[in-house]
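Now for the letters of each chain:
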Amino acid sequence: MSFKILQLTKLQKINTFESPKLKFPPIGVCEQGLNAIRQFFVDMKLGAGNNLPLVTIAVIGNTMAGKTSLIQTLQNVGRTRVLTYRNPESKIDETTKIFKVEKLKIEKVLLQLIDMGGNEIYHTTYQLALHQNCIPLIVVNMVQYEDLVQKSSEREAVRRLAFDYMSHLYLANPSMGSPKLVLTHKDLFSDAKFAELKNSFLSTSNQLCKEIVEEEKQLKGDFSLIKPFSDSTEDIFLSEDIYEIGVLEQYTVFDSLKQNLFLTCQPFIEDIPAVWEQISQKVCALPSAYCTFIELFHHLKRSFKSIKQAQIETILTYMHQCGKILWYKSTKGLENYIFHNTPALTDLLAVFYSHEGNRWGQRQKRFVPFLDESSARIELERFVEFVQVFNSTAVMDKNLFFYLIKSETLFKNERDLHVAMNVLKAFRLIHGPVQCDGTSTGFFIPYMVEKFCDRDILSKEELTLRVDLVFKGLSLPQHAYHQMSVGTLELFPSLIATPMVHKDGASVFHDGLVVQLIHDYKSRKVSIYMASTAKRVHEMWEQLLKITNNALQHVTNSWPASRPVVTSFCAHCLLIQHPNPEKIVSPQWAVIPKIKSSAQTSVISRLLSSFFGQEKLRHPSTMLDDLSTQCRCKRETVYAVLKHPCTCKYH
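Residues numbered from 1 in each chain as written. Predicted model: local features only at pLDDT ≥ 70, side-chain atom pairs only at ≥ 80, totals over all residues. Heavy atoms only, no water.

Q: Can you explain unusual backbone geometry? Please cite residues and give values.
A: A negative phi angle is the norm for most residues apart from glycine, just as the trans form is the norm for most peptide bonds. Look at the link from G432 to P433: it is a cis peptide, with omega at 10 degrees. Here R428, not a glycine, exhibits a phi torsion of approximately 55 degrees, which is positive. For R428, the location among the structural elements is in the loop between α15 (414-426) and β14 (431-435). One non-glycine residue with positive phi stands out, namely S586, at about 55 degrees. As for its position among the elements, S586 is in the loop between β22 (583-585) and α20 (602-612). (Helix = DSSP H or I, 4+ residues; strand = E, 2+ residues; numbered from the N terminus.)

Q: Describe in detail the state of the cysteines, supporting the description with residues and values.
A: Enumeration over the complete set of coordinates arrives at 0 disulfides. With no disulfide of its own, C633 lies closest to C573 among cysteine sulfurs, the gap being 3.4 Å. (Disulfide = S-S within 2.5 Å.)

Q: Summarise the confidence of the model for the protein; cite the residues concerned and give the values.
A: Mean pLDDT for the protein: 83, with 87% of residues reaching 70 or above. pLDDT under 50 marks residues 596-625. Its contacts with residues more than four places away, or in other chains, come to 54 contacts. Segment residues 647-651 is flagged for pLDDT under 50; beyond a separation of four residues in sequence, or across chains, it makes 15 contacts in the model. (pLDDT = per-residue confidence, 0-100. Contact = heavy atoms within 4.5 Å.)

Q: Go over the nonpolar core, please, and point to the residues and values.
A: With 136 residues, the main nonpolar core has F201, F229 and F352 as its most contacted residues. Residues in contact with F229, not counting those within four places in the same chain, are F163, M166, C209, I212, V213, I236 and L474. (Core = buried A, V, L, I, M, F, W, Y, C linked by side-chain atoms within 4.5 Å. Buried < 20%, exposed > 50% of the residue type's maximum accessible area, 1.4 Å probe, protein only.)

Q: So, helix α2 (residues 34-44): which residues are in play, and what are the values?
A: α2 sits mainly inside the fold: 8 of its 11 residues count as buried. Three or more residues of α2 are buried, namely L34, A36, I37, Q39, F40, F41, D43 and M44. Where α2 is buried, its residues meet α1 (27-30), β1 (48-51), β8 (271-273), α8 (274-284) and α10 (309-322).

Q: Give a description of the pairing of strand β19 (residues 513-520) that names residues and reports values.
A: Of all 8 residues in β19, 7 are buried; the element is thus mostly enclosed. Taken together, the 6 bridges between strand β18 (residues 505-510) and β19 define a ladder with antiparallel strand orientation. What sits directly across from V508, in β19, is V515. With 7 bridges connecting them, β19 and strand β20 (residues 525-532) associate as antiparallel partners. By the bridge assignment, I518 is partnered in β20 with S527. Hairpin connection from β19 to β20: 4 residues lie between these consecutive antiparallel strands, with R524 at a positive phi of about 60 degrees. (Pairing = 2+ DSSP bridges.)

Q: Any details on a nonpolar patch on the surface? Residues and values, ideally.
A: Judged by side-chain polarity, L83, V247 and L248 come together as a nonpolar surface patch covering roughly 290 Å² of accessible area. One can find L248 in the loop between β7 (242-244) and α7 (252-265). (Patch = residues over 30% accessible without salt bridge, like charges linked within 9 Å, V, L, I, M, F, W, Y side chains within 5 Å. Areas by Shrake-Rupley, 256 points an atom, 1.4 Å probe, with all protein chains shown as cover. Salt bridge = Lys/Arg side-chain N within 4 Å of Asp/Glu carboxyl O.)

Q: Summarise helix α9 (residues 293-301); cite the residues concerned and give the values.
A: For an α-helix the count is 3.6 residues per turn, leaving residues at separations of three or four pointing the same way. Along α9, the residues classified as buried are F293, L296, F297 and L300. For α9, the arc enclosing every buried residue in end-on projection is 105 degrees, short of the 170-degree limit, so these residues lie on one face. Buried residues along α9 sit against α8, β9 (291-292), α10 and β10 (337-338). (Arc of directions from axis to C-beta.)

Q: Before we move on, can you summarise the sheet that holds strand β17 (residues 498-502) with the specific residues and values?
A: The 7 strands are arranged β17-β18-β19-β20-β16-β21-β22 in an open sheet whose pairing can be described as antiparallel. Looking at the sheet topology across the chains shown, the edges are occupied by β17 and β22. Neighbour-to-neighbour, the strand axes of this sheet turn through a mean angle of 15 degrees, independent of strand direction. Where strand β16 (residues 463-472) lies against strand β21 (residues 563-569), 6 bridges are found, and the strand directions are antiparallel. What sits directly across from F471, in β21, is P564. Across the sheet, helix α17 (residues 478-490) touches β16, β17, β18, β19 and β20, and the angle it forms with β19 is around 170 degrees. On top of the sheet, helix α18 (residues 537-558) reaches β16, β19, β20 and β21; it is set at about 15 degrees to β16, its chief contact. (Axes fitted to C-alpha atoms, helices over the stretch in contact; angles between N-to-C directions.)

Q: Break down the pairing of strand β5 (residues 134-141) for me, citing the residues and quoting the values.
A: Most of β5 is tucked away: 8 of the 8 residues are buried. Relative to β5, strand β2 (residues 56-60) is paired through 5 bridges, and the arrangement is parallel. Within the sheet, the bridge partner assigned to A58 lies in β5 and is P136. Here β5 runs beside strand β6 (residues 180-184); their pairing, made up of 5 bridges, is parallel. If you follow L137 over to β6, its bridge partner there is K180.

Q: Which residues make up the packing of helix α4 (residues 142-151) against helix α6 (residues 191-217), and what are the values?
A: The contact between α4 and α6 brings their axes to 11 Å, and the two run at 70 degrees. Regarding the angle of α4 to α6, the classification is roughly perpendicular. Residues M142, Y145 and E146 of α4 form the contact with α6, whose participating residues are K193, F194, L197, K198, S200, F201 and T204. The class makeup of the residues in the contact of α4 with α6 is 5 nonpolar, 2 polar and 3 charged. (Parallel < 35°, antiparallel > 145°, perpendicular 65-115°, else oblique. Nonpolar A, V, L, I, M, F, W, Y, C, P; charged D, E, K, R; others polar.)

Q: Can you lay out the environment of D468 for me, pointing to particular residues and giving the numbers?
A: On the secondary structure map, D468 appears in strand β16. Given a relative accessible area of 5%, D468 falls into the buried group. Spatially, the C-alpha atom of D468 lies 9.5 Å from that of I518, the residues being 50 residues apart in sequence. Setting aside anything within four residues of it in sequence, one finds D468 in contact with K525, V526, S527, V565, V566, T567 and F569. Side-chain polar atoms of D468 contact the side chain of R466, separated by 2.8 Å. One polar contact links D468 to S527, side chain to side chain, over a distance of 2.7 Å. (Polar contact = N/O pair within 3.5 Å; in protein donor to acceptor, adjacent residues only side chain to side chain.)

Q: Tell me about the packing of aromatic side chains, and name the residues and values.
A: According to the stated counting rule, one finds 28 aromatic pairs in the structure shown. Ring geometry for F163 and F229: centres 5.9 Å apart, planes at 90 degrees, overall edge-to-face. Taken together, the residues F163 in helix α5 (residues 154-170) and F229 in the loop between α6 and β7 connect sequence positions 66 residues apart. F229 matches F163 in its accessibility class, with the two residues each being buried. Aromatic rings pair up to connect Y290, Y328, Y337, F339, F411 and F427 into one cluster. The ring of W360 has R363 lying over it, and the distance from NZ or CZ to the ring centre is 4.7 Å. Above the ring of F569, the side-chain terminus of R466 is found at 4.1 Å from the ring centroid. (Phe/Tyr/Trp six-rings, centres within 6.5 Å; stacked < 30°, edge-to-face > 60°. Lys NZ or Arg CZ within 6 Å of the ring centre and 35° of its normal.)

Set out below in structure tokens:
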């Protein structure tokens, strides 16, 4: 494009769909539409600034893989190897917690890297920082790989050290290019042994990739394919993108990696208007944790008198795409807040997610008495009680919850605490409020739960319905299953229903209904159960459809490349405990959205009104008395409502 576009005054629309080679304006501007494109050229006329790369390098891998050491070595202007203290048990611990944004200058370009904490407890927080413009750089500790191969298998080792991390990126953003790979701790092996382990890792990776492609080919439907997995004839890790490093490695290897990263980023490095660069610097220099869009607009108006709100929105959106700020415009409850201070956000997450074993002891030593919302004084003894309840139930009393946020982050006042709570709830890192005791409420923190679901509670009910969701292809991240649990609880009023979060799912007891969602991360399966009396079967189906389609909606919005398969079980077979119950794979009522939807409940609402709109006029107790709705099951005649919702649609 050129400045001539400003002369096309009658131009109403411009389509830049799937045009990744656009560089002027950058694709990140073009994706915002015609008004943003015009704004770019108007601002460019005032002068060009330095470049602002539209990509972020996501450095991911297992804990103690060597990610932080690698980044610091790449940053070192002295061109020497840098090592960090990597033992999480030592007094000096430089292992990355949550994630950390770093800068890497190559030639005249300042690239941005995100050092992702590798400990499993941090995986659930990745979703806050990773976006579509990431370049994956996977770091694998070959000592860990050899150890895992000996303890389990090559497949399990590759899954845990590479593919589980790739799923965070590629399921959410399937158009990403091929990942870079750095194999570390080379100096701890002979050349022959390291070559053997490397070949084992790469061949197993290619085999797993091929199996994923073949599995997806067997599924029907219009799904997005993950770009590096779309061709099983090519290696998942390209030879020119693989690097081997050890403690005594020559710096030429790191020079080569830097050049590789620079060339990969090159198509996304373009000059931006000078005023955009000035605004970016102004925003990132703010000392607070966040601000609202309007607050930021008025702040910038003092320095840029003629600036307009639409102009600011275009610039901030581009900054978010570049990873300079975090602005969750499409996330309910966060759309008005600009998080320009990334460390402040990671500090908030670190309050609840940390691998440090002695953390509560340190907090107890630093404890300062405080007043709760009713002005009652909370002393150390009460603080210890809160901690004990949390450690045993994973329910954190709101007084402890807000005290920790205020004492350990930049979120201090009432509005700050509300925003902090919204961040954690929006990404389903917490659930609540739930009842703690007779006088107080608190929040579930799902990852911290140790107890498993009690499967026996379903057997106490007269009738049980069941649906399974199996996720084919690249495995969903583990925290996606926790989010489905929280999503189920959110469908019920938490202060009226009795919700319970488990290590492997969630349970709800509400008005005579028993609901359970049980997930098994390794088998990639979620089972949803609904149990009650037989006369409530119609109501049970309605709730089961709502829960199932809510889970599908969330997963496909967050992970558009996921490949869910829905299986509905015959309630009659479950009732008689048949060893081989009849099933329906991909039932008509299961809605798997093909594109992201901004209104998360729209599909579910249409589904329920379609299936239950007329039937709701009937009294639930009459459902099993309707002898016209029967079918065959295991050579018996049974009521069809035991096999399908709204039987009239399946006769």
